[in-house]
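Breakdown of the fold
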Amino acid sequence: MQQTPHERRQIEALLDFYSASGVDCFLGEQPVDWFDLTNEHAAQRLQNRTPAAPSQHTGLAETAPAANPRHPAGAAPQPAPATMPMPSAIPAPPTGQGGAMGQPAVLPDREIIAAARDLAASAATLEDLRRCLEAFDGCNLKLTAKKLVFADGDPQARLMFVGEAPGRDEDLQGKPFVGRSGQLLDRMLAAIGIERTAVYIANVVPWRPPGNRTPTPQETEICKPFIKRQIELVNPDVLVFLGAASAKTLLGAQDGIRKMRGRWMSYPGNGREISAIATYHPAYLLRSPLEKRLSWRDFVSIKEALLANQER
Ligand code: URA
């Protein structure tokens, strides 16, 4: 069908809007409400135990890896490594707790979180942990992300940074903090005489939330065991939380970043307390450059803590 230039521009604008909102694949002409169990398609999928869409609540690929566009319906799902308890292998809840037709419609978050905890604890090395995350289908963010953003830098580093979640550039490259915020972080590190390659950088959530939205509390809880294990395995001397979100998740801190930043705290590591500090997220500094003077103080304090630790 021939479109007028105006129609074409309208279609392009709509596609741009979808793309900016995180929609990056086409599934069908008509929207299907997968939670409407009177809906013929949804009911049939449940009956066949091959749900075609992630649940809206947790987005979990509950009974079938086919819910994952990486394993399109009909394609043979890739078997998970035998040692990894995948959420799809979690037994259905006792009868009575399931959804329509006796099938569990949504796996409770706590089961996914427990599976994430077991899986993370089973990782003996950082490479193990990366493989666990690659095999883990319990977080809906994996469905829309292009790549797992595991970490960057030196696994033996004494200084570790933890951000919130990857953005677009990180998702494309599969590395944390490589976009504009990452470049600012590199410059801040250089200002205290530290190269990016000498530190270890990771995020609480290792998959990009669509459209760069904030990860939901469920997504954060599901990913938390993995970042906790990652910190244990790196075992840094100094831990820096970039922004309030990572400090709140990992320290249970309640204060806002303005109150929390620049204060030394203690993070319970593997058998020892790790010196931890929160500072402004570089993305915030890009929007509020005047706050860089406070970040500068934090970075000087970080450098001093590293030196003091070295002398011990
Ligand atoms: N913001 C984050 O919190 N993490 C990244 O990796 C990039 C931007």
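Preceding this paragraph is the structure being described.
Let me begin by describing the structure that accompanies this report. Every value quoted in this text rests on a predicted model; they were computed, and no experiment measured them. (Residues numbered from 1 in each chain as written. Predicted model: local features only at pLDDT ≥ 70, side-chain atom pairs only at ≥ 80, totals over all residues. Heavy atoms only, no water.)

Here we look at the overall build of the protein
Looking only at helices and strands, the protein has twelve helices and six strands in total. For the protein, the residues scored as buried account for 46% of the 312 residues in total. Put simply, 68% of the contacts in the protein that link residues at least 6 apart link residues at least 24 apart. Only carbon and sulfur atoms are counted for the fraction: they give 52% of the accessible area of the protein, which is about 16500 Å². (Helix = DSSP H or I, 4+ residues; strand = E, 2+ residues; numbered from the N terminus. Buried < 20%, exposed > 50% of the residue type's maximum accessible area, 1.4 Å probe, protein only. Contact = heavy atoms within 4.5 Å. Areas by Shrake-Rupley, 256 points an atom, 1.4 Å probe, with all protein chains shown as cover.)

Some words on the pattern of salt bridges
What the rule picks out here adds up to 14 salt bridges. For aspartate 255, the salt bridge identified is with arginine 263, shortest N-O distance 3.4 Å. Linked through salt bridges whose partners overlap, the residues forming this network are Asp152, Asp186 and Arg196. (Salt bridge = Lys/Arg side-chain N within 4 Å of Asp/Glu carboxyl O.)

Details of the site of the ligand
Neighbouring the ligand are the residues Gly163, Glu164, Ala165, Pro166, Glu170, Pro176, Phe177, Asn203 and His281. Glutamate 164 is positioned such that a nitrogen or oxygen atom in its backbone is 2.9 Å from an oxygen atom of the ligand. One of the backbone nitrogen or oxygen atoms of phenylalanine 177 is found 2.9 Å away from an oxygen atom of the ligand. Summarising the interface, the protein chains cover 92% of the accessible area of the ligand, which totals 240 Å² for the free molecule. (Near = heavy atom within 4 Å. Polar contact = N/O pair within 3.5 Å; in protein donor to acceptor, adjacent residues only side chain to side chain.)

Here's the deal with the packing of aromatic side chains
When we look at a pair of aromatic rings, we describe it by the centre distance and by the angle of the planes. With the rule as written, the count across this model stands at four aromatic pairs. Ring centres of phenylalanine 161 and phenylalanine 299 lie 6.1 Å apart, and the angle between their planes is 20°; this geometry places the pair in the stacked category. Highlighted residues: phenylalanine 161 in strand E2 (residues 159–163) and phenylalanine 299 in helix H12 (residues 292–311), separated in sequence by 138 residues. (Phe/Tyr/Trp six-rings, centres within 6.5 Å; stacked < 30°, edge-to-face > 60°.)

What to know about the sheet that holds strand E5 (residues 265–268)
Spatial strand order, E1-E3-E2-E4-E6-E5: six strands in an open sheet with mixed pairing. Each having just a single partner strand, strand E1 (152–153) and E5 make up the two edges of the open sheet. Looking at chain direction, E5 and strand E6 (residues 273–279) are connected through four bridges and run antiparallel. What sits directly across from proline 268, in E6, is glutamate 273. (Pairing = 2+ DSSP bridges.)

Side note on the pairing of E6
Most of E6 is tucked away: five of the seven residues are buried. Of the strand pairs in this sheet, strand E4 (residues 238–242) and E6 are connected by five bridges, and their pairing is parallel. Paired with valine 240 across the strands is isoleucine 277, a residue of E6.

Quick word on H12
Helical geometry note: an α-helix holds 3.6 residues per turn, so side chains three or four residues apart project in the same direction. Here H12 contains 20 residues, and its C-alpha end-to-end distance of 29 Å stays within 8% of the 28 Å for a straight helix at 1.5 Å per residue. When we look at burial in H12, the residues that qualify are Leu294, Ser295, Asp298, Phe299, Ser301, Ile302, Ala305, Leu306 and Asn309. The buried residues of H12 occupy one face: seen down the axis, they fall within an arc of 160°. Every exposed residue of H12 that faces more than 90 degrees away from the buried side is listed here: Arg293, Arg297, Glu304, Gln310 and Glu311. Close packing links the buried residues of H12 with E2, helix H7 (180–191), E4, E6 and helix H11 (282–287). (Expected span 1.5 Å × (residues − 1). Arc of directions from axis to C-beta.)

Brief notes about the pairing of E5
Along any regular strand, the residues point their side chains to alternate faces of the sheet. Judged by which residues are buried, E5 turns out to be one-sided: Met265 and Tyr267 face inward and are buried, whereas Ser266 and Pro268, on the alternate face, are not. Turn length for the E5-E6 hairpin, with the two strands adjacent in sequence and antiparallel, is four residues, and the turn residue glycine 271 shows positive phi of about 80°.

Describing the state of the cysteines
Scanning the model with the defined rule gives zero disulfides in all. Cysteine 139 supplies the cysteine sulfur nearest to cysteine 223, a cysteine that is in no disulfide, at a spacing of 4.0 Å. (Disulfide = S-S within 2.5 Å.)

Quick look at the nonpolar core
Soluble, globular proteins show a tendency: their nonpolar side chains are buried together. Leu159 and Phe161 are the most contacted members of the largest nonpolar core, which totals 67 residues. Ranked by residue count, the leading element in this core is helix H8 (residues 217–234), at six residues. In this view, phenylalanine 161 contacts Leu185, Leu189, Val199, Tyr200, Ile201, Ala202, Val240, Leu242 and Phe299; residues no more than four positions away in its chain are not counted. (Core = buried A, V, L, I, M, F, W, Y, C linked by side-chain atoms within 4.5 Å.)

Quick word on the environment of arginine 208
Looking at the secondary structure, you find arginine 208 in the loop between strand E3 (200–203) and H8. Taking the C-alpha atoms as reference, arginine 208 lies 9.8 Å from glycine 174; in sequence the two are 34 residues apart. Those residues within four positions of arginine 208 in sequence are excluded, and the remaining contacts are Leu141, Thr144, Ala145, Pro166, Gly167, Arg168 and Asp171. Within polar-contact distance, the side chain of arginine 208 engages the side chain of asparagine 212 at 2.7 Å.

Things to note about unusual backbone geometry
For asparagine 212, which is not glycine, the phi dihedral falls at a positive 60°. Topologically, asparagine 212 is positioned in the loop between E3 and H8. Backbone geometry places asparagine 235, a non-glycine residue, at a positive phi of 50°. By secondary structure assignment, the location of asparagine 235 is in the loop between H8 and E4. For asparagine 235, a relative accessible area of 34% gives the class partly exposed.

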